[in-house]
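Observations on the model geometry
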Amino acid sequence: MALSLAVSPCPNDTFVFHALVHGLIPGAPEVNLTFADVDVTNTAAERGEFDLVKVSYAALPWLLDDYELLPTGGALGRGCGPLVLTREPGVDLTGKTVAVPGDRTTAYMLFRLWSADRAPGRIEVVPFHQIMPGVAEGKYDAGLVIHEARFTYQRYGLHSLADLGEWWEADTGLPIPLGAILAKRGVVDPAEATEWIRNSVSMAWANPDASREFILENAQEMEPDVVKQHIDLYVNEFTLDLGRDGLAAADALLQRSAAAGITPAVKPFL
């Protein structure tokens, strides 16, 4: 019986899941793939729409009754955090309008924790590809961006007001938890799914050329050099196995968020 899988079309996800999606993992079932941005999968998972799904760590408090966190396949690391971008350096965001990619994204959770003492006046949820042009045109005073924007924001004449990954790592000493892979309880065996995804990651590393066409055709017009930078940054040791540091990072994020009244409290992973 085929399993439904939803991930983003970003290069890290297509790199990680290429072998699984293309039936190259022995013993794994057929997979029906849906591409969607993370703000869409966060909401879809709350409705239980997918068997395996990539979501924001920030969305976990609303999902863990129906899904189990898998220790593999996600996006977590160092030097890979969201950026707060502005047209001019050193802008005070108090009372300003900020565009964000989703209200239950890890990026927005980090932004709320970071900006607690300088809260903006208005938050607008905007499709990711519209954020940098909108800030450059003056539609928004600042924009919260993720992923490949780390490598391209200068093209829009923008400045990085804050690197929320650097802020998080300096404050906690932990990697930053961005995207999590969840398995639907009662539908997917988490141990089996973990093995399938780990094998898919290992195959991608062993033969990166095998997934190149699949990655590029879904990379939303991203240049090959940016695609490589993207994969190198977001597919790392935590993608293969969260380990204690990865789980500790998830606990720290969700506990701080609950303490700030941003999300409901959840049971720690460690």
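A brief look at the structure comes next. (Residues numbered from 1 in each chain as written. Predicted model: local features only at pLDDT ≥ 70, side-chain atom pairs only at ≥ 80, totals over all residues. Heavy atoms only, no water.)

1. Remarks on the side chain of Thr-105
Under the convention used in this document: Only DSSP runs of H or I covering at least 4 residues are called helices, and only runs of E covering at least 2 are called strands; the numbering of each starts at the N terminus. Type-normalised accessible area, obtained with a 1.4 Å probe on protein chains alone, sets the label of each residue: buried when under 20%, exposed when over 50%, and partly exposed for intermediate values. Any two residues having at least one pair of non-hydrogen atoms within 4.5 Å are treated as being in contact.
Within the element layout of this structure, Thr-105 appears in the loop between strand S7 (97-100) and helix H3 (106-114). Since its relative accessible area comes to 5%, Thr-105 is described here as buried. Excluding anything up to four places from it in sequence, Thr-105 contacts Val-38, Asn-42, Ser-56 and Ala-58.

2. Considerations on helix H9 (residues 224-234)
Stated formally: Think of it as the arc spanned by the lines of direction from the helix axis to the C-beta atoms.
Among the residues of H9, those classed as buried are Val-226, Val-227, His-230, Ile-231, Leu-233 and Tyr-234. What you see down the axis of H9 is that its buried residues fit within an arc of 165 degrees, all on one side. In H9, the exposed residues that point more than 90 degrees away from the buried face are Pro-224 and Lys-228. Its buried side turned inward, H9 meets helix H1 (11-21), strand S5 (75-77), helix H5 (149-152), strand S11 (176-184), helix H8 (212-217) and helix H10 (237-240).

3. Some details on the layout of surface pockets
Heads up, the condition is: A pocket, in this scheme, is an open set of points on a 1 Å grid over the protein atoms alone with protein on both sides within 12 Å along at least 5 of 7 lines, while a cavity is a set where a 1.4 Å probe fits but cannot get out; residues line either one if an atom lies within 4 Å of a point. Grid points are joined across faces, edges and corners, and a volume is the space filled by probe spheres set on the points. Ten residue types, Ala, Val, Leu, Ile, Met, Phe, Trp, Tyr, Cys and Pro, are classed as nonpolar, four, Asp, Glu, Lys and Arg, as charged, and the remainder, Gly among them, as polar.
The volume enclosed by the largest pocket comes to roughly 730 Å³. Around the largest pocket sit 39 residues that line it, and Phe-128, Ile-146, His-147, Glu-148 and Gln-220 are the ones nearest its centre. The set of elements that each furnish at least two residues to the lining of the largest pocket consists of helix H2 (38-46), strand S3 (52-56), H3, helix H4 (128-136), H5, S11 and H9. Of the residues belonging to the lining of the largest pocket, the class tally is 20 nonpolar, 11 polar and 8 charged. Phe-15, Trp-205, Pro-208, Arg-212, Ile-215, Leu-216, Pro-224, Val-227, Lys-228, Ile-231, Asp-232 and Val-235 are the residues that line the second largest pocket. Elements with a minimum of two residues in the lining of the second largest pocket: H8 and H9. Considering each element in turn, the lining of the second largest pocket owes the most residues, 5 residues, to H9.

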